[in-house]
Amino acid sequence: METGLPARPGSGSGVGRWGRVPRAEGAVPAVAMGSEPGGCALRPFSCELGPLGRPDGSAAFLQGDTSVLAGLYGPAEVKGSRELYDQATLEVLLKPKVGLPGVFEKSREQLIRRTCEAVILGTLHPRTSVTIVLQVVSDAGSLLACCLNAACMGLMDAGLPMKSLFCGVTCALDADGALSLDPTAKQEKEARALLTFAISSVERRVLMSTTKGTCSVEELQRCIAAAQRAADAVFRFYRDSIHRKYSKA
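Enquirer: Please explain the pattern of salt bridges as it appears in this structure.
Expert: As a working rule, side chains carrying opposite charge can pair if their charged atoms are close by. Under the counting rule described, the total for this entry stands at eight salt bridges. E83 is paired through a salt bridge with R127; the nearest N and O atoms lie 3.9 Å apart. Taken together, the residues E83 in the loop between β5 (66-77) and β6 (89-95) and R127 in the loop between α1 (103-119) and β7 (128-138) connect sequence positions 44 residues apart. A salt bridge links R204 to D232; the shortest N-O distance between them is 2.6 Å. Note that R204 is positioned in the loop between β10 (193-200) and β11 (206-213) and D232 in helix α4 (residues 217-248), a separation of 28 residues in sequence. Look at D232 and you get partly exposed, because its relative accessible area is 29%.

Enquirer: Mind showing me how you'd approach the packing of aromatic side chains here?
Expert: Aromatic ring pairs are described here by two measures, namely the spacing of the ring centres and the angle between the planes. This structure, assessed with the given rule, holds four aromatic pairs. With a centroid separation of 5.9 Å and 45 degrees between ring planes, the pair formed by F45 and F61 is classed as tilted. Here F61 lies in strand β4 (residues 57-63) and F45 lies in strand β3 (residues 45-49), a separation of 16 residues in the sequence. As far as the burial class goes, F45 and F61 line up, both buried. Summarising the aromatic geometry, the rings of F235 and Y238 are spaced 5.7 Å apart at their centres and angled 70 degrees between planes, so their arrangement reads as edge-to-face. In this pair, F235 and Y238 both sit in helix α4, three residues apart, roughly one turn of the helix. Summarising the burial analysis for this pair, F235 and Y238 share the class buried. Aromatic ring contacts, followed pair by pair, group F45, F61 and F237 into a single cluster.

Enquirer: Just to check I follow, could you spell out the pairing of β3 for this structure?
Expert: A regular strand places its side chains on the two faces of the sheet in alternate fashion. In terms of residue burial, β3 counts as a mostly covered element, since four of its five residues are buried. With five bridges joining them, β3 and β4 adopt antiparallel strand pairing. Bridge pairing in β4 links E48 to A60.

Enquirer: Honestly, the sheet that holds strand β8 (residues 166-173) in this entry has me stumped. Any pointers?
Expert: Sheet strands associate in pairs through backbone hydrogen bonding, adopting either a parallel or an antiparallel arrangement. One open sheet holds the four strands; their spatial order is β9-β8-β10-β11, and the pairing between them is antiparallel. The open sheet has two edge strands, β9 (179-181) and β11, and neither has a second partner. When the angles between neighbouring strand axes are averaged without regard to direction, this sheet yields 20 degrees. Here β8 pairs with β10 via eight bridges, running antiparallel. By the bridge assignment, A172 is partnered in β10 with L194. Docked against the sheet, α1 engages β8, β10 and β11, running at close to 165 degrees with respect to β11. Packed on one face of the sheet, helix α2 (residues 143-158) meets β8, β10 and β11 and runs near 170 degrees to β8.

Rules and cut-offs
Residues numbered from 1 in each chain as written. Predicted model: local features only at pLDDT ≥ 70, side-chain atom pairs only at ≥ 80, totals over all residues. Heavy atoms only, no water. Salt bridge = Lys/Arg side-chain N within 4 Å of Asp/Glu carboxyl O. Helix = DSSP H or I, 4+ residues; strand = E, 2+ residues; numbered from the N terminus. Buried < 20%, exposed > 50% of the residue type's maximum accessible area, 1.4 Å probe, protein only. Phe/Tyr/Trp six-rings, centres within 6.5 Å; stacked < 30°, edge-to-face > 60°. Pairing = 2+ DSSP bridges. Axes fitted to C-alpha atoms, helices over the stretch in contact; angles between N-to-C directions. Contact = heavy atoms within 4.5 Å.

As structure tokens, then:
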């Protein structure tokens, strides 16, 4: 399957072919959130850092059967019309598994870009561009959260300076108000409301949120609290993934 990730400027075209995303050793198992009614769990995570050679940083991230491949390019030269004199210009491109990007992808691109802009220290690289390309490999639910996690791992692999890390967590509320974390595609279709949060590693602040459907203020607060607790497991996985990479080196 062609990834659709562009080549680094000035290099040959294409990046080769990407088959299935391999599961890294020591993948974090499903993490039970027993404090919620009925218990909530995150699907198993898996990640490979640096699977691509041409980007300055890359990561393949899996959540259950949802997988996203991220490639980061920059800081690099920026076109004059897009140049910012006091900070780097950030661009996010989300490519679907098949076909061309549509309105759905464009709206997700803006959410991911705003999240990344909140943590990247762009003032250290003024008048440059940073491009994050996200290729959907498979979508089995919680796609936006997986894209956020892949983007953060790609930023870490590229060594781009950031104020903090971030992760994505999706919550689903069914007709009875029961909460599910990291829902599958089937759970998303049956949900009354879907809420996705970008959580910072510093004080677990909410950097971004998006909601589909309706929920009460109390349910919103409950979802935020559950997402913040689930973020601890994601950040532990980040740390373990980086430790595995550099311990082998």
